[in-house]
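Summary of the model geometry
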Amino acid sequence: MNTPATLREKLFNIIFGTDTPAGQRFDLYLITAILLSVLAVMLDSVEELSQRYHTFFFVAEWVFTILFTVEYLLRLYCSPNPWRYARSFYGIVDLLAILPTYLALFLPQTTYLMTIRLLRVLRIFRVLRLSKYLGEANMLITALQQSRRKV
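To start, this report covers the structure provided alongside it. (Residues numbered from 1 in each chain as written. Predicted model: local features only at pLDDT ≥ 70, side-chain atom pairs only at ≥ 80, totals over all residues. Heavy atoms only, no water.)

1. Considerations on a nonpolar patch on the surface
In plain terms, the rule: A patch is a set of surface residues, each over 30% in relative accessible area and not in a salt bridge, joined within 9 Å for like charges and within 5 Å for the nonpolar side chains Val, Leu, Ile, Met, Phe, Trp and Tyr. Here the Shrake-Rupley method, with its probe set to 1.4 Å, supplies the accessible areas, and only the displayed protein chains count as covering residues. Every case where a carboxyl oxygen of Asp or Glu lies within 4 Å of a side-chain nitrogen of Lys or Arg is listed as a salt bridge. Numbered from the N terminus, helices here are DSSP runs of H or I no shorter than four residues, and strands are runs of E no shorter than two. Partly exposed describes any residue whose relative accessible area lies between the buried limit of under 20% and the exposed limit of over 50%, with all areas from a 1.4 Å probe on protein chains only and scaled to the type maximum.
Residues Leu 95, Leu 99, Leu 103, Leu 105, Phe 106 and Leu 107 make up a contiguous nonpolar surface patch of about 530 Å² in total accessible area. Counting through the fold element by element, Leu 103 comes out in helix 6 (residues 89–106). The class of Leu 103 is partly exposed, set by a relative accessible area of 30%.

2. As for the environment of Tyr 102
Our working definition: By definition, residues are in contact when any of their heavy atoms lie within 4.5 Å.
Mapped onto the elements, Tyr 102 comes out in helix 6. In the structure, Tyr 102 is positioned 40 residues away from Trp 62 in sequence and 9.3 Å away in space, judged by C-alpha atoms. Residues within four places of Tyr 102 in sequence aside, it is in contact with Trp 62, Thr 65, Ile 66 and Thr 69.

3. A look at the packing of helix 1 (residues 7–15) against helix 2 (residues 21–44)
For clarity, the cut-off: Helix axes are fitted only over the stretch in contact, all axes being lines through C-alpha atoms; the angle between N-to-C directions runs from 0 to 180 degrees. In these notes the angle categories are as follows: under 35 degrees is roughly parallel, over 145 is roughly antiparallel, 65 to 115 is roughly perpendicular, and the rest is oblique. Only Asp, Glu, Lys and Arg are considered charged, only Ala, Val, Leu, Ile, Met, Phe, Trp, Tyr, Cys and Pro nonpolar, and every remaining residue, Gly among them, polar.
The N-to-C vectors of helix 1 and helix 2 enclose an angle of 60°; their axes lie 7 Å apart at closest approach. Classified by the interaxial angle, the pair formed by helix 1 and helix 2 is oblique. Along the contact surface, helix 1 presents Asn 13, Ile 14 and Ile 15, while helix 2 presents Ala 22, Gly 23, Phe 26 and Asp 27. Its residues assigned to classes, the contact of helix 1 with helix 2 shows four nonpolar, two polar and one charged.

4. A closer look at the nonpolar core
Worth spelling out the cut-off: Nine residue types can take part in a nonpolar core, namely buried Ala, Val, Leu, Ile, Met, Phe, Trp, Tyr and Cys, and a core is a set of them joined through side-chain atoms within 4.5 Å.
By size, the foremost hydrophobic cluster in this structure holds 15 residues, and its most contacted members are Ile 15, Leu 30, Ile 34, Phe 64, Phe 68 and Tyr 72. At the level of secondary structure, the elements contributing two or more residues to this core comprise helix 1, helix 2, helix 4 (54–78) and helix 5 (82–87). Contact partners of Ile 15, with chain neighbours within four places excluded, come to Phe 26, Asp 27, Leu 74, Arg 75 and Cys 78.

Structure representation (structure tokens):
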């Protein structure tokens, strides 16, 4: 007799699983959000566009940050071992993808950290299962860790 799945189990199957229609839809929405957020960052870096559409880019950044924050917290919630996930490569990338926006809120002089938002692209590695490129991604994380005093 099958017991009904708990909310945590259902979320785990959707967020971490790719073999279900709901999991595939989640991945598709996530890829779309990541690409749109990276596009917004890129367009915001163009001086003319940034001046003209500053409010739009600002609001878009916060919408994406809140969306990715909720997703990160849900991953922690439904993970069998949240601490292990938080310390994993993807957990660190997820955190680094949202942290600069919050830091800029409390420490306005850290706006240059906003370029780290481009790490959101690395999140696509997980969604598309591009694990063969994980070595290069790990090198990038190591380089960021070693240069953190300069950043």
